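Understanding the architecture of this molecule
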Amino acid sequence: MSTAPEGATPGFLVWRLSTKWRVAVDRAVAPLGLTHAQYALVATLFGMHRSGRRPSQRQLADHTGLEALYVSKLARTLETAGLVDRARDPADPRAVQLSLTAEGQQVARRAIRVVQRLHEQFLEPLGGLDSSRTQAFTDELRTLLDAPLDPSAASTDIGITEETS
């Protein structure tokens, strides 16, 4: 039986699913001293490091979909925890490059394993990670993520403008 109310909109269901996932990841990585957002950064940095990249905060923001200011705040917190190094980019003194410390790499490996197990559990109702239903679900999510959204156009359609809101 679904816990989502009958007649729920797709937007509501996406919100509920993303909230469920975020809470589950928060709880799973908490013993490692991470939040879901911090996990997103260290896991992404780990993958980029493995491919020889040392991204700027802006590049990491673009890759994760997080706001640049939020990435900066998270990076500072992770730096204080000894997991991330922040350094000026020699090619652009305005940019800050990020990399994992040795401890950060160790924590990232552990966190990735924990989240991978959670991911497997999450996708079990669709037949598991390699099922055709999971692939179709992933394809649909990509389609929705690639679709442009213009919130200002939605609000002007009903007469809301910045001046009146």
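See the structure above.
So, a few notes on the structure that sits alongside this text. Please read all numbers here as calculations on a predicted model, not as lab measurements. (Residues numbered from 1 in each chain as written. Predicted model: local features only at pLDDT ≥ 70, side-chain atom pairs only at ≥ 80, totals over all residues. Heavy atoms only, no water.)

1. Structural notes on the pattern of salt bridges
Under the definition given, this model contains three salt bridges. Here Glu 79 ties to Arg 86 by a salt bridge, and the two come within 3.5 Å at their closest N and O atoms. By relative accessible area, which is 32% here, Glu 79 ends up partly exposed. Exposure remark for Arg 86: the relative accessible area of 26% places this residue in the partly exposed category. (Salt bridge = Lys/Arg side-chain N within 4 Å of Asp/Glu carboxyl O. Buried < 20%, exposed > 50% of the residue type's maximum accessible area, 1.4 Å probe, protein only.)

2. Notes on the packing of aromatic side chains
As enumerated under the stated definition, the model contains two aromatic pairs in all. Considering the side-chain rings of Phe 12 and Trp 15, the 5.8 Å spacing of their centres and the 45° angle between planes classify their relative orientation as tilted. Placement of both Phe 12 and Trp 15 in helix 1 (residues 10-29) is noted, with a separation of three residues, approximately one turn of the helix. Looking at Phe 12, the relative accessible area reads 29%, which means it is partly exposed. Aromatic pair Trp 21 and Phe 122: ring centres 4.9 Å apart, planes at 50°, arrangement tilted. Taken as a pair, Trp 21 in helix 1 and Phe 122 in helix 5 (residues 102-123) lie far apart in primary sequence, 101 residues in all. (Phe/Tyr/Trp six-rings, centres within 6.5 Å; stacked < 30°, edge-to-face > 60°. Helix = DSSP H or I, 4+ residues; strand = E, 2+ residues; numbered from the N terminus.)

3. Regarding the environment of Arg 58
Within the secondary structure layout, Arg 58 lies in helix 3 (residues 57-64). Each C-alpha atom of the pair Arg 58 and Ala 95 lies 7.9 Å from the other, and the pair is 37 residues apart in sequence.

4. Considering the side chain of Thr 101
Summarising the element assignment, Thr 101 is placed in the loop between strand 2 (92-100) and helix 5. Given the relative accessible area of 15%, Thr 101 is considered buried. A polar atom in the side chain of Thr 101 sits 2.9 Å from the backbone nitrogen of Gly 104. Among residues more than four places away in sequence, those in contact with Thr 101 are Gly 82, Leu 83, Val 84 and Asp 85. (Polar contact = N/O pair within 3.5 Å; in protein donor to acceptor, adjacent residues only side chain to side chain. Contact = heavy atoms within 4.5 Å.)

5. Quick word on the pairing of strand 2
Sheet analysis places strand 1 (residues 84-89) next to strand 2, joined by six bridges and oriented antiparallel. Paired with Asp 85 across the bridge in strand 2 is Ser 99. Hairpin connection between strand 1 and strand 2: a loop of two residues separates the two successive antiparallel strands. (Pairing = 2+ DSSP bridges.)

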